[in-house]
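Architecture and fold: a report
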Amino acid sequence: MIENTKNQKIKLIGITGKMGSGKSLFSLFLKKKGIPVYSSDQRGKILMNQVKIIKQNVIKYFGKDSYRKDKINRTYLSEIVFKNPIALKLLCTIVHPWILLDFKQWMSSIIRIQKKILYVIKESAILFESKSYKECDFIITITSPKKNMIERIIKRDNLNEHQIIDRFKNQISNKKREKESNFVIENYLSTYHLQKEADRIHKLLEKFITQKK
Ligand SMILES: CC(C)(COP(=O)(O)OP(=O)(O)OC[C@H]1O[C@@H](n2cnc3c(N)ncnc32)[C@H](O)[C@@H]1O)[C@@H](O)C(=O)NCCC(=O)NCCS
Ligand SMILES: Nc1ncnc2c1ncn2[C@@H]1O[C@H](COP(=O)(O)OP(=O)(O)OP(=O)(O)O)[C@@H](O)[C@H]1O
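Definitions and cut-offs
- Residues numbered from 1 in each chain as written.
- Chains lettered and ligands numbered in written order.
- Predicted model: local features only at pLDDT ≥ 70, side-chain atom pairs only at ≥ 80, totals over all residues.
- Heavy atoms only, no water.
- UniProt positions renumbered as here; feature names shortened; annotations may be inferred.
- Helix = DSSP H or I, 4+ residues; strand = E, 2+ residues; numbered from the N terminus.
- Rg over C-alpha atoms; globule rule 2.2 N^0.38 Å.
- Buried < 20%, exposed > 50% of the residue type's maximum accessible area, 1.4 Å probe, protein only.
- Contact = heavy atoms within 4.5 Å.
- Salt bridge = Lys/Arg side-chain N within 4 Å of Asp/Glu carboxyl O.
- Axes fitted to C-alpha atoms, helices over the stretch in contact; angles between N-to-C directions.
- Parallel < 35°, antiparallel > 145°, perpendicular 65-115°, else oblique.
- Nonpolar A, V, L, I, M, F, W, Y, C, P; charged D, E, K, R; others polar.
- Arc of directions from axis to C-beta.
- Near = heavy atom within 4 Å.
- Polar contact = N/O pair within 3.5 Å; in protein donor to acceptor, adjacent residues only side chain to side chain.
- Areas by Shrake-Rupley, 256 points an atom, 1.4 Å probe, with all protein chains shown as cover.

By the naming in an unreviewed UniProt entry, the chain goes by Dephospho-CoA kinase and is assigned to Blattabacterium cuenoti BPAY. Looking at the Sequence similarities (unreviewed entry) heading of the UniProt record, one finds this comment for the chain: "Belongs to the CoaE family." Here is the UniProt Subcellular location (unreviewed entry) comment for the chain, exactly as written: "Cytoplasm".

The following block contains the structure:
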C-alpha cells in the first residue's frame, strides 16, 4: 500500500501467471479503465537497453553478443538463461534491483499525477519468485491450460515449443501461485470472456477498497 500526498492510500495489485496465460491482456483491460499498469517485463527490457551498469554487467558475464546494435539480444540471452537456472539467477541479480528502483520512481510519479485512483497494478510473470508479491495488497493469478498457453505464444512470438517449455520450467507452479492469491482467473475461453472477468474484478476491487477505508 502506498500513500499519496493527501495521505490517501493507494492499493497495489499484483497480477501474475505463467508465460502466455493472458496477464498482459487482462492488465490491458484494466488499463483501459484508467488504472495505471507497471509491466515488469517491458520495463525490464527498456532498462537493460538504457542503464549503462546493467549493460556493462550483462556483457561482462554473458559476452558481447548479449547486445546487437546497442539493443539487448533477446534470442541469444534466452538461449543461455532459460536452459540454465544459475545463469538466469545471475541475470536476475543484475536486472531486478533496477526494476525495483524503477517501480518505486514510477509509483512516486503516479502518486503525484493521479489524485483519484484507488489502485495500481504491477504485472509480473515472476511476482512470487522475485518476492514482489510481499508488497501487494491483493494478488491476481491468471491461469490457462498449457495447450492454450503454448498455442498463443507460438502465434505471438517467434518461439518453438521446446523454448516455451524451457521458460515454464523456470516458473513456479500454479498451485503455489493460487495458494497466495486473492483471485484466480481462468483464461481458457475467448478474450471477450477475459474482458468480462476484468470488469468483474475491477468492481470487486473498488468495493473492497472503498469498504476498508
Ligand atoms: C532473457 C530476456 C532478455 C528474453 O526477452 P524476451 O523478450 O524473449 O522475453 P520477455 O522479457 O518479454 O519475457 C517473456 C516471458 O518470459 C518469461 N520470463 C522472463 N524473465 C523470466 C525470469 N527471470 N524467470 C522466469 N521466466 C521469465 C516470462 O513469462 C515473461 O513474461 C528477458 O526475459 C530477461 O532479460 N529476463 C530476465 C530479467 C527479468 O527477470 N525480467 C523481468 C521478467 S518479469
Ligand atoms: N482468451 C484468449 N483467447 C485468445 N487469445 C488470447 C486469450 N488470452 C490471451 N490471448 C493472447 O495470447 C497471447 C498471450 O497473452 P498475454 O500476452 O496477455 O500473456 P502473458 O501472460 O502476459 O504472457 P508473457 O508472460 O509472455 O508476457 C497474446 O497474444 C494475447 O492477445
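Moving on from the coordinates now.
Thoughts on the overall build of the chain
For the chain, the helix and strand inventory stands at 9 helices and 8 strands. In terms of overall dimensions, the chain is globule-like: its C-alpha atoms have a radius of gyration of 18 Å, near the 17 Å expected for 213 residues. When each of the 213 residues of the chain is scored for burial, the buried share is 46%. Long-range contacts, defined as pairs at least 24 residues apart, comprise 73% of the intrachain contacts of the chain with a sequence gap of at least 6.

Topic: the pattern of salt bridges
For side chains of opposite charge, pairing can occur when their charged atoms come near one another. Taken as a whole, this structure holds 10 salt bridges when the rule is applied. In this structure, Lys33 and Asp199 form a salt bridge, with 2.9 Å as the shortest nitrogen-oxygen distance. With Lys33 in the loop between helix H1 (23-31) and strand S3 (37-39) and Asp199 in helix H9 (residues 191-212), this pair connects stretches of sequence that are 166 residues apart. The exposure class assigned to Asp199 is buried, which follows from its relative accessible area of 18%. A salt bridge links Asp102 to Arg43, with the nearest nitrogen and oxygen atoms 2.7 Å apart. Placement of Asp102 in helix H5 (residues 85-113) and of Arg43 in helix H2 (residues 40-50) is noted, with a sequence separation of 59 residues between them.

Quick notes on unusual backbone geometry
Here Lys69, not a glycine, exhibits a phi torsion of approximately 50 degrees, which is positive. Relative to the elements of secondary structure, Lys69 occurs in the loop between strand S4 (67-68) and strand S5 (71-72).

Section: the packing of helix H3 (residues 52-62) against H5
It is the contact of H3 with H5, at a shortest axis distance of 10 Å, that shows an interaxial angle of 170 degrees. The orientation of H3 with respect to H5, classified from their angle, is roughly antiparallel. On H5, the residues that touch Ile53, Ile54, Asn57, Val58, Tyr61 and Phe62 of H3 are Ala87, Leu90, Leu91, Ile94, Val95 and Trp98. Its residues assigned to classes, the contact of H3 with H5 comprises 11 nonpolar, 1 polar and no charged.

What about H1?
For H1, every residue scored as buried is listed here: Lys23, Phe26, Ser27, Phe29 and Leu30. Taken end-on, H1 shows its buried residues confined to a sector of 155 degrees, consistent with a single buried face.

Examining the site of ligand 2
The environment of ligand 2 is made up of 16 residues, and the closest members are Lys23, Ser24, Arg156, Asn187 and Leu189. Contact between ligand 2 and Gly20: an oxygen atom at 2.9 Å from a main-chain N or O atom of the residue. Between an oxygen atom of ligand 2 and a side-chain N or O atom of Ser24, the distance comes to 2.5 Å. Relative to its unbound accessible surface of 630 Å², ligand 2 loses 79% to contact with the protein. Every element with two or more residues in the shell around ligand 2 is listed here: H1 and helix H6 (146-156). Take the shell around ligand 2: its biggest share by element is 3 residues, from H1. Of the residues that constitute the shell around ligand 2, the class distribution is 3 nonpolar, 7 polar and 6 charged.

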